[in-house]
Amino acid sequence: MERDLTTGSVFKNIVYFSLPYLLSYFLQTLYGMADLFIVGQFYGADCITAVSIGSQVMHMVTVMIVGLAMGSTVTIGRAVGAKELKRASLTVGNTISLFMGVSVALTVLLLLLVRPIVAVMSTPQEAVAGTITYLTICFIGIPFITAYNIISSIFRGLGDSKSPMYFIAIACGVNILLDYVFIGGLHLGAAGAALGTTLSQTLSVIVALWVVIRKKIGITLCRTDFKPQMSTIRQILTIGVPVALQDGFVQISFILITVIANRRGLSDAAAVGIVEKLISLVFLVPSTMLSTVSALSAQNIGAGKHERAAATLRYAICMAVGFGLVIGVVTQFIGADVVGLFTEDAMVVTLGEQYIRSYIWDCAIAGIHFCFSGYFCAYGMSGISFLYTILSIICVRIPGAYFASLYFPDNLYPMGLAAPGGSLLSVIICLIAFAVLRKRRNLK
């Protein structure tokens, strides 16, 4: 199941690795979108807002787990590229031990903070009860969410992006089925959406564990591999923590923007919630390129093939930007129709169209710094990504959204420009950092 990504066509390796990854991201995004879509068919803006806010919080938790797991993917990838399979086995074992503890601690902490989280989100009063219920159920399922993402990170570090796609495909199908049963059939509202998500994620973990047990994954694990080794854990965390914090702060910025929208009223909150789901869908390509660059570059760096790592970055940027420009242009014409798929409320559709027509340009611009993030992570320099993310949030995203909401209270279009503005600053910093790193490497 282990795949060597250090030979052959760079472009073909990107396509081979990224397509299953992209489909996995797409299917995982369908979780939240299916919840929102099905809830919208049976309930009003209050339930839509509850699921939207709750799923946004869960998305933040999930991306931070995935970010932390990036340390494992890169460390495993480097070991595989260097043909050091014993080191890869040790990393896999330590990854499992580390994240078992993290998931339990995170579950307990978040269950204690459910109500404060809902309050901090400035959740409209009509949606408070549903949001609390949704988050409580989903927080209980965090160990399974963690397990799925850790198993997936291990497979991807070994160069296998197909197996995680199969796991999530099964779970996604079950989630949609359970949503109709719990939401449409049993009329459980936000609780039904959360149950469907949690139970289907549990199933994906069971399937993944069965595959690990029944099939060879390219390495052999022994009991000593699960014994925590500080040097290995430190290497995982050195790469993973900055990525997790970076992703966390990005999600916090999204949440703060959601809070700003929530304070504008229920229609604005619902519109922003729907658009955030749609944006998460189109951002699958930039996100896939980030993970692809990280995994492929890690193996090539481990093998000492630095130019192949740089070539991977260039190809990925071209693919991400090309996609972003096309989707940006198309959205200008079909924005209202897309938002209208989730609700029949005319006001929500109007506001959602305004927001998505400006926000959508972030896909093309962010595609550039996403690819750079993967490249920097592969070199163990994830702190660079963390730095420019923080600067873009503090200097552009949050103040931009706040002042746009303040000066344009009846139009969401200006508020949507805050995201691409922040990404533009990130790209500038990325280009400077890349030039400096390349110059230093050439001098050695």
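Since the structure is predicted, the reported quantities are computational estimates derived from the model, not experimental observations.

K.L.:
Can you explain the overall build of the protein? Please cite residues and give values.
P.N.:
For the protein, the helix and strand inventory stands at 17 helices and 0 strands. Looking at the 444 residues of the protein, the share that counts as buried comes to 58%. If you take every contact in the protein between residues at least 6 apart in sequence, the share linking residues at least 24 apart comes to 84%. Accessible surface, the protein as shown: approximately 17700 Å² in total, 71% of it carbon and sulfur.

K.L.:
Mind laying out the pattern of salt bridges, listing which residues take part and the relevant values?
P.N.:
In the structure shown here, the tally under the stated rule is 1 salt bridge. A salt bridge links aspartate 362 to arginine 397; the nearest nitrogen and oxygen atoms lie 3.6 Å apart. One end of the pair, aspartate 362, is in helix α14 (residues 362–378); the other, arginine 397, is in helix α15 (residues 382–407), with 35 residues separating them in the sequence. Across the pair, arginine 397 and aspartate 362 agree in class, each one buried.

K.L.:
Can you explain the environment of phenylalanine 144? Please cite residues and give values.
P.N.:
Of note, phenylalanine 144 is situated in helix α6 (residues 142–157). Distance from phenylalanine 144 to leucine 203, taken between C-alpha atoms, is 8.8 Å for residues 59 residues apart in sequence. Ignoring anything within four residues of it in the chain, the contact list for phenylalanine 144 reads Gln201, Thr202 and Val205.

K.L.:
Please give an account of α14 that cites residues and values.
P.N.:
Helical periodicity: at 3.6 residues per turn, an α-helix aligns residues three or four positions apart in one direction. The terminal C-alpha atoms of α14 lie 24 Å apart, and with 17 residues this matches the ideal 24 Å at 1.5 Å per residue to within 8%. Here α14 lies mainly inside the structure; 15 of its 17 residues are buried. The positive-phi residue at the C-terminal boundary of α14 is glycine 380, with phi of around 75°.

K.L.:
Residue-level account of a nonpolar patch on the surface, with values.
P.N.:
On the surface, a nonpolar cluster with roughly 450 Å² of combined accessible area is contributed by Phe37, Phe42, Ile176, Tyr180 and Leu341. Of all elements in the fold, only α1 (10–42) and α7 (162–185) reach the threshold of two or more residues within the nonpolar patch. Inspection of the secondary structure puts isoleucine 176 in helix α7. Residue classification places isoleucine 176 among the partly exposed positions, given a relative accessible area of 31%.

K.L.:
Any chance you could break down the nonpolar core for me, citing the residues and the numbers?
P.N.:
Within the largest apolar cluster, 104 residues are counted, with the highest numbers of intra-cluster contacts made by Tyr134, Leu135, Phe139, Tyr375, Phe376 and Met415. Sorting elements by how many residues they give to this core places helix α2 (residues 45–81) first, with 12 residues. Counting residues in each nonpolar core, the second largest holds 11 residues, with Ala69, Ile76, Val92 and Ile236 among its members.

K.L.:
Which residues make up the environment of threonine 91, and what values go with them?
P.N.:
Along the chain, the position of threonine 91 falls in helix α3 (residues 85–112). For the pair threonine 91 and threonine 232, spaced 141 residues apart in the sequence, the C-alpha separation amounts to 6.4 Å. Not counting residues up to four positions away in its chain, the partners in contact with threonine 91 are Ser72, Thr75, Ile76, Thr232 and Ile236.

K.L.:
So what about the side chain of serine 373? Which residues, and what values?
P.N.:
With respect to the helices and strands, serine 373 occurs in helix α14. We classify serine 373 as buried; its relative accessible area is 2%. If we ignore the near neighbours within four places in the chain, the residues touching serine 373 are Gln246, Leu290, Ser385 and Tyr388.

K.L.:
If you had to explain the side chain of serine 392 to someone new, which residues and values would you point to?
P.N.:
Assignment of secondary structure puts serine 392 in helix α15. Residues in contact with serine 392, not counting those within four places in the same chain, are Arg397, Gly422, Leu425 and Ser426.

K.L.:
With reference to specific residues and values, describe the packing of aromatic side chains.
P.N.:
This structure, assessed with the given rule, holds 9 aromatic pairs. Judged by centre distance (5.3 Å) and plane angle (80°), the ring pair of tyrosine 355 and tyrosine 359 falls under edge-to-face. Here tyrosine 355 pairs with tyrosine 359, and both are found in helix α13 (residues 346–359), just 4 residues apart, close to one helical turn. When the ring of tyrosine 402 is compared with that of phenylalanine 403, the centres are 5.2 Å apart and the planes differ by 75°; the resulting orientation is edge-to-face. Accessibility expressed as a relative area gives 43% for tyrosine 402, which makes it partly exposed. Taking the relative accessible area as the measure of exposure, phenylalanine 403 reaches 43% and is therefore partly exposed. An aromatic cluster of at least three residues, connected via ring pairs, comprises Phe372, Tyr375, Phe376, Tyr379 and Phe434.

K.L.:
An account of the state of the cysteines is needed here, citing residue identities and associated values.
P.N.:
Under the criterion given, the structure shown has 0 disulfides. Cysteine cysteine 371 shares no disulfide, and the gap to the nearest cysteine sulfur, in cysteine 318, comes to 9.1 Å.

What counts, and where the lines are drawn
Within every chain, residues take consecutive numbers counted from 1 along the sequence as written. With the structure being a predicted model, the display of local features is reserved for residues of pLDDT at least 70 and the display and counting of side-chain atom pairs for 80 or more, all residues being used for whole-chain, interface and lining totals. Note: side-chain values were computed over all heavy atoms of the structure, leaving out hydrogens and water. A run of H or I in DSSP becomes a helix once it reaches four residues, and a run of E becomes a strand once it reaches two; helices and strands are each numbered from the N terminus. Summary of the burial criterion: residues with accessible area below 20% of their type's maximum are buried, those above 50% are exposed, and those between are partly exposed, where the area comes from a 1.4 Å probe applied to protein chains only. Any pair of residues with heavy atoms lying within 4.5 Å of one another is described as a contacting pair. Shrake-Rupley sampling with a 1.4 Å probe provides the accessible areas, and residues are treated as covered by the protein chains on show and by no other component. Any carboxyl oxygen of Asp or Glu within 4 Å of a side-chain nitrogen of Lys or Arg constitutes a salt bridge here. To estimate the expected span of a helix, subtract one from its residue number and multiply by 1.5 Å. Like-charged residues are merged into a patch within 9 Å and nonpolar side chains (Val, Leu, Ile, Met, Phe, Trp, Tyr) within 5 Å, provided each residue has over 30% relative accessible area and no salt bridge. Joining through side-chain atoms within 4.5 Å is the link that ties buried Ala, Val, Leu, Ile, Met, Phe, Trp, Tyr and Cys residues into a set, and such a set is a nonpolar core. Under the pairing criterion, centres of Phe, Tyr and Trp rings, with the six-membered ring standing for Trp, must be within 6.5 Å; the plane angle then separates stacked pairs below 30 degrees from edge-to-face pairs above 60, leaving the rest tilted. A pair of cysteine sulfur atoms is labelled a disulfide when the two atoms are within 2.5 Å.

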